[in-house]
Amino acid sequence: MKIDKALLWSGLIGFLFLFILAPPAGAEEMSQGVEAASSGHVWWFWPLVLLLVTFVMGIFAVLGGVGGGVLFVPIISGFFPFHLDFVRGTGLLVALSGALAAGPGLLKMNLASLRLAIPVALIASTCAIIGAMIGLALPTNIVQIALGATIIGICILMLTAKKSEFPDVQQADRLSSSLRIYGVYQEGSTGQVIDWKIHRTPFGLGLFIIIGVMAGMFGLGAGWANVPVLNLVMGAPLKISVATSKFLLSITDTSAAWIYMNQGCVIPMLVVPSLVGIMLGSFVGVRILAVAKPVVVRWIVIGMLAFAGIKAFLKGLGIG
Amino acid sequence: MPDKAEARLEPGPEQVRYASILEKGMYVGLLLLFITFAIYALGIMKPYIPLDRISSYWSVNVHDYLHHANIKTGWHWVGMLHYGDFLNFIGIAILAGVTIICYLAVIPILLRNKDWVYATLAFLEVLVLSLAASGILAVGH
């Protein structure tokens, strides 16, 4: 109970902190000159604040069951003086690093399925390149509006989407059978051995076209969309869906990250504090997870996302 | 001798190899990133953009940043590794590149198993990621 209250308060304080930090409307559009864009603080001020905020973000990402990228891009682009181009580049590297850190363990435990991931990743990573190119070609305010709308959509998805631990897949479809996408895993809590297979594969693969484009365009990572498609559409068990989704990000985000990196959207002074903050926060988050109430945390995460989404939307319209 | 169910619980050899390379690449990439960042932030190597000027650049869009800082896109950072800030790109490139190595490493196993479809899919993924990494695809505002 104390932990929940502490989390609630830290969430509220986080909001307030971000609100105070929020640069004035249009602060990022200081294209009149690079000199004018200096924020007036010592150079390490914003990287230090970034480290602290991403640390808190890392805690909430773990507790809320979302990836770091989906929190990072809307919150950092909404409340920090960094241009969206660099925030997206950094966001992709944050999501990529999280996926790289988790991927090997999930593959070795056979929770992430390479057979399921390979065809999905080919589609998503190709489309992430297209998404990244569209995102970098469009005017910033249009991307910001689309980002805000997407984040609000993600909130609605988080509020409404159901999860199915063991979806009922009567019969595998022809495509998944011919690709031999099926497997077995042991449910840790019960020791039960679960056979799984998938269905509606062509439709599911089609949805990854959209997911890939959005991941590349906004630098969000895409766990928020991967899991519902793998679990609810294609019928993979929840654990397989979550693990394969996390691993998938290491491939999807790689392709988009290269595009952002090659276009100059990576500034190490933003990347490294963000990575360190998210990682340290995740370590702490995992420890708190054992005692925190997931429902409370989930509401805080949805609240943070909704606030950041509305802020991004309004910022894109020039009124935020 | 494990029974059939136990044997199937284990990940396949291609998955084990992929995981093993991914793990090593991730550790090497992160370690290098943190070391090079320390070199950069502590001023051990001179950065291309002085630390007290960095905040002048991160608020503008990438086009203006590249123009005003006179930085070229693509792999030109390789020629600027003697600057502390660009040194960080080694770790970032390893993190972004390890997946390509993983795919290349599993293709021989897939071919040995006569898994032609997945070998082709893996090869196509290598092409896609290499295209993204090549810097050929140019975009801008």
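These numbers come from a predicted model, not from an experiment.

**Student:** Is there a simple way to explain the overall build of chain B in this structure?
**Tutor:** The helix and strand tally for chain B stands at six helices and zero strands. Reading chain B from its N terminus to its C terminus gives the helix and strand order α-α-α-α-α-α. Against the 2.2 N^0.38 benchmark of 14 Å for 141 residues, chain B shows a C-alpha radius of gyration of 20 Å, more extended than a compact globule. Dimensions of chain B, computed from the C-alpha atoms along their principal axes, are close to 65 × 30 × 25 Å. Put simply, chain B has 141 residues, and 38% of those count as buried.

**Student:** What's the story with the interface of chain A and chain B in this structure? I'm lost.
**Tutor:** Size of an interface, as often reported, equals the accessible area lost when the parts are brought together. Listed per partner, the contact involves 64 residues of chain A and 55 residues of chain B. Sorting the residues of the side of chain A that touches chain B by element identifies helix H4 (84–108), helix H5 (114–137), strand E1 (182–186), helix H10 (238–262) and helix H11 (268–289) of chain A as the ones contributing at least two each. Among the residues forming the side of chain A that touches chain B, the class breakdown is 42 nonpolar, 18 polar and four charged.

**Student:** Even after reading the chapter, I still don't get the confidence of the model for chain A, so can you show me in this structure?
**Tutor:** In low-pLDDT regions, the fine details of the predicted coordinates are not to be read closely. Predicted confidence across chain A gives a mean pLDDT of 85, with 87% of residues reaching 70 or more. Low confidence marks residues 23–33 of chain A, where pLDDT is under 50. Its contacts with residues over four positions away, or in another chain, come to 17 contacts.

**Student:** What exactly am I supposed to notice about the packing of H4 of chain A against H10 of chain A here?
**Tutor:** Residue and element names in this part refer to chain A. Look at H4 against H10: their axes get within 7 Å of each other, and the N-to-C directions meet at 145 degrees. In the packing of H4 onto H10, the handedness of the crossing is left-handed. Only Ala243, Lys246, Phe247, Leu249, Ser250, Asp253, Thr254, Ala256, Ala257, Tyr260 and Met261 of H10 make contact with H4, whose side of the interface consists of Arg88, Gly89, Leu92, Leu93, Ala95, Leu96, Ala99, Leu100, Ala102, Gly103, Leu106 and Leu107. Tallied by class, residues from the contact of H4 with H10 come to 16 nonpolar, four polar and three charged.

**Student:** Which parts of the structure should I look at to understand helix H8 (residues 201–218) of chain A?
**Tutor:** Residues lying three or four places apart along an α-helix face the same way, a consequence of the helix completing one turn every 3.6 residues. Taking 1.5 Å of rise per residue, the 18 residues of H8 of chain A would be expected to cover 26 Å, and the 26 Å separating its terminal C-alpha atoms lies within 8% of that figure. Among the residues of H8 of chain A, those classed as buried are Thr201, Gly204, Leu207, Phe208, Ile211, Gly212, Val213, Met214, Ala215, Gly216, Met217 and Phe218 of chain A.

**Student:** Honestly, the environment of asparagine 262 of chain A in this entry has me stumped. Any pointers?
**Tutor:** Considering the arrangement of structural elements, one finds asparagine 262 of chain A in helix H10. Residue class for asparagine 262 of chain A comes out buried when judged on the 23 C-beta atoms lying within 10 Å of it. Each residue touching asparagine 262 of chain A, except ones within four places of it in the same chain, is listed here: Thr73, Gly74 and Gly135 of chain B.

**Student:** How should I be thinking about the pairing of E1 of chain A in this particular structure?
**Tutor:** Working note: regular strand, side chains alternate between the two faces of the sheet. Residue and element names in this part refer to chain A. Side-chain alternation along E1 places Gly183 and Tyr185 on a buried face and Tyr182, Val184 and Gln186 on a face that remains uncovered. The sheet contact formed by E1 and strand E2 (residues 193–197) spans five bridges and is antiparallel. Paired with tyrosine 182 across the strands is lysine 197, a residue of E2. Where E1 folds back on E2, the antiparallel hairpin that results is connected by six residues, among which glycine 191 adopts a positive phi of roughly 80 degrees.

**Student:** Mind showing me how you'd approach unusual backbone geometry here?
**Tutor:** Excluding glycine, residues mostly carry a negative phi; peptide bonds, for their part, are mostly trans. With a phi angle near 65 degrees, asparagine 110 of chain A is a residue other than glycine that sits in the positive phi range. Its place among the elements puts asparagine 110 of chain A in the loop between H4 and H5. We note that asparagine 70 of chain B has phi near 55 degrees; this positive angle belongs to a residue other than glycine. The residue asparagine 70 of chain B is located in the loop between helix H3 (62–69) and helix H4 (84–87) in this model. With 7 C-beta atoms packed within 10 Å, asparagine 70 of chain B lands in the exposed category.

Conventions adopted
- Residues numbered from 1 in each chain as written.
- Chains lettered and ligands numbered in written order.
- Predicted model: local features only at pLDDT ≥ 70, side-chain atom pairs only at ≥ 80, totals over all residues.
- Helix = DSSP H or I, 4+ residues; strand = E, 2+ residues; numbered from the N terminus.
- Rg over C-alpha atoms; globule rule 2.2 N^0.38 Å.
- Buried ≥ 20, exposed ≤ 12 C-beta atoms within 10 Å, placed from the backbone.
- Contact = placed C-beta atoms within 7 Å.
- Nonpolar A, V, L, I, M, F, W, Y, C, P; charged D, E, K, R; others polar.
- pLDDT = per-residue confidence, 0-100.
- Axes fitted to C-alpha atoms, helices over the stretch in contact; angles between N-to-C directions.
- Left-handed = near helix turned anticlockwise from the far one by under 90°.
- Expected span 1.5 Å × (residues − 1).
- Pairing = 2+ DSSP bridges.

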